[in-house]
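Given next are the chains, with one letter for each unit.
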Amino acid sequence: MKVPVLFGWIMIFVVVVSYKRKKADRMRKNTERDFWDRENAANATRKQDISNLNYVDFTGVSLPFARFSDDFLHQCEEQILKLKDEKILNLTGITNTDLKLNYGAANLPFLTQCDQNFTLLARTLNSWGQRLAELSHPEEAAQVLEFAVSVESDIKSTYQLLAELYLQANQPDKLEGLKNSASNLNSLMKEPILAMLNKMESSS
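Scope of this entry: the structure provided in the associated data block. Everything numeric in this text was worked out from a predicted model, so none of it was measured.

What counts, and at which threshold
- Residues numbered from 1 in each chain as written.
- Predicted model: local features only at pLDDT ≥ 70, side-chain atom pairs only at ≥ 80, totals over all residues.
- Heavy atoms only, no water.
- Helix = DSSP H or I, 4+ residues; strand = E, 2+ residues; numbered from the N terminus.
- Buried < 20%, exposed > 50% of the residue type's maximum accessible area, 1.4 Å probe, protein only.
- Contact = heavy atoms within 4.5 Å.
- Areas by Shrake-Rupley, 256 points an atom, 1.4 Å probe, with all protein chains shown as cover.
- Core = buried A, V, L, I, M, F, W, Y, C linked by side-chain atoms within 4.5 Å.
- Phe/Tyr/Trp six-rings, centres within 6.5 Å; stacked < 30°, edge-to-face > 60°.
- Polar contact = N/O pair within 3.5 Å; in protein donor to acceptor, adjacent residues only side chain to side chain.
- Salt bridge = Lys/Arg side-chain N within 4 Å of Asp/Glu carboxyl O.

## Concerning the overall build of the chain
Phase 1: Each helix and strand counted, the chain has eight helices and zero strands in total.
Phase 2: For the chain, the N- to C-terminal ordering of α and β elements is α-α-α-α-α-α-α-α.
Phase 3: Taking all 204 residues of the chain together, the buried fraction comes to 32%.
Phase 4: Of the contacts formed within the chain by residues at least 6 apart in sequence, a portion of 69% connects residues at least 24 apart.
Phase 5: Total accessible area on the chain stands at roughly 12,900 Å², and carbon and sulfur atoms take up 52% of it.

Shown next, in the form of structure tokens:
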């Protein structure tokens, strides 16, 4: 290859790289500007009424409290009973900026606590259901895990164990309902859970 031709290709490469770098910098600056514009607007949003949000409601919920003698089960039960007296919100997939824009910056600490309560609820229900299954109480385990699904927990092992319990009980038709629940999740775990359930259904 002649030197002038090689030099020409090098210049083209340098120009393309420079263009892409400037484009990336421009996009990054635009993204940062949009973020801070939204954040400033969120911080200026006045406090809204949040009394009618979709708080977790234990009314009419039947859970297997105090049926079996096991220390770990008792710990899970005590934690759930404590949470019943707290405000709980599933805010998975919603950013703090969006929360402030929708409900006001002054409500953020309370909403954050509600979301933390939900995380604790989902984890405790999952642990409770797992332990019940380990102790050969499949009906009670399903009862706990179904409640977790009903409040839109996105813990993969909750869906996996519940699906296994349905298959063991010769109730494969219930997997469809489980998939419908998973499809409503506002979580990054939505697709992995659906993929797992589809695989379990096809191999059952």
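What follows picks up the thread again.
## Remarks on the nonpolar core
Phase 1: Formed by 37 residues in total, the largest nonpolar core has its most connected members in V56, L121, L125, W128, Y159, L178 and L197.
Phase 2: For L197, the residues in contact, after removing those within four places along its chain, are Y159, A163, L178, K179 and A182.
Phase 3: The next biggest cluster of nonpolar side chains, apart from the first, holds nine residues, and it includes I50, L91, L99 and C114.

## Remarks on the side chain of N107
Phase 1: Mapped onto the elements of the fold, N107 is located in the loop between α3 (96-103) and α4 (108-134).
Phase 2: Residues within four places of N107 in sequence aside, it is in contact with K47, Q48 and I50.

## Details of the packing of aromatic side chains
Phase 1: In this structure the tally under the stated criterion is two aromatic pairs.
Phase 2: Summarising the aromatic geometry, the rings of F58 and F147 are spaced 5.3 Å apart at their centres and angled 50° between planes, so their arrangement reads as tilted. On the criterion of sequence distance, the pair formed by F58 in the loop between α1 (3-43) and α2 (71-83) and F147 in helix α5 (residues 138-150) is long-range, its members being 89 residues apart. Grouping residues by exposure puts F58 and F147 together as buried.

## Some details on the environment of S203
Phase 1: Along the chain, S203 turns up in helix α8 (residues 190-203).
Phase 2: A polar contact of 3.0 Å, which involves the side chain of S203, links it to the backbone oxygen of K199.

## Focus: the side chain of N126
Phase 1: With respect to the element layout, N126 can be found in helix α4.
Phase 2: With relative accessibility at 11%, the residue N126 sits in the buried group.
Phase 3: In contact with N126, other than residues within four places in its own chain, are L145, I155, S157 and T158.

## Some remarks on the environment of M189
Phase 1: Structurally, the position occupied by M189 is in the loop between α7 (174-183) and α8.
Phase 2: For M189 and D154, which are 35 residues apart along the polypeptide, the C-alpha to C-alpha distance reads 6.2 Å.
Phase 3: When sequence neighbours within four positions are dropped, the list of residues in contact with M189 reads D154 and K156.

## Focus: the pattern of salt bridges
Phase 1: Inspection of the entire model under this criterion finds five salt bridges.
Phase 2: When the shortest N-O distance is used, the salt bridge between E140 and R67 registers 3.6 Å. With a gap of 73 residues between them, E140 in helix α5 and R67 in the loop between α1 and α2 connect regions that are remote in the sequence.
Phase 3: Note on E140: relative accessible area 14%, which makes it buried.
Phase 4: Looking at R67, the relative accessible area reads 44%, which means it is partly exposed.
Phase 5: Linking R131 and D70 is a salt bridge whose minimum nitrogen-to-oxygen distance equals 2.8 Å. Here R131 is found in helix α4, whereas its partner D70 is found in the loop between α1 and α2, with 61 residues between them in sequence.

The analysis is restricted to geometry; functional conclusions fall outside its scope.
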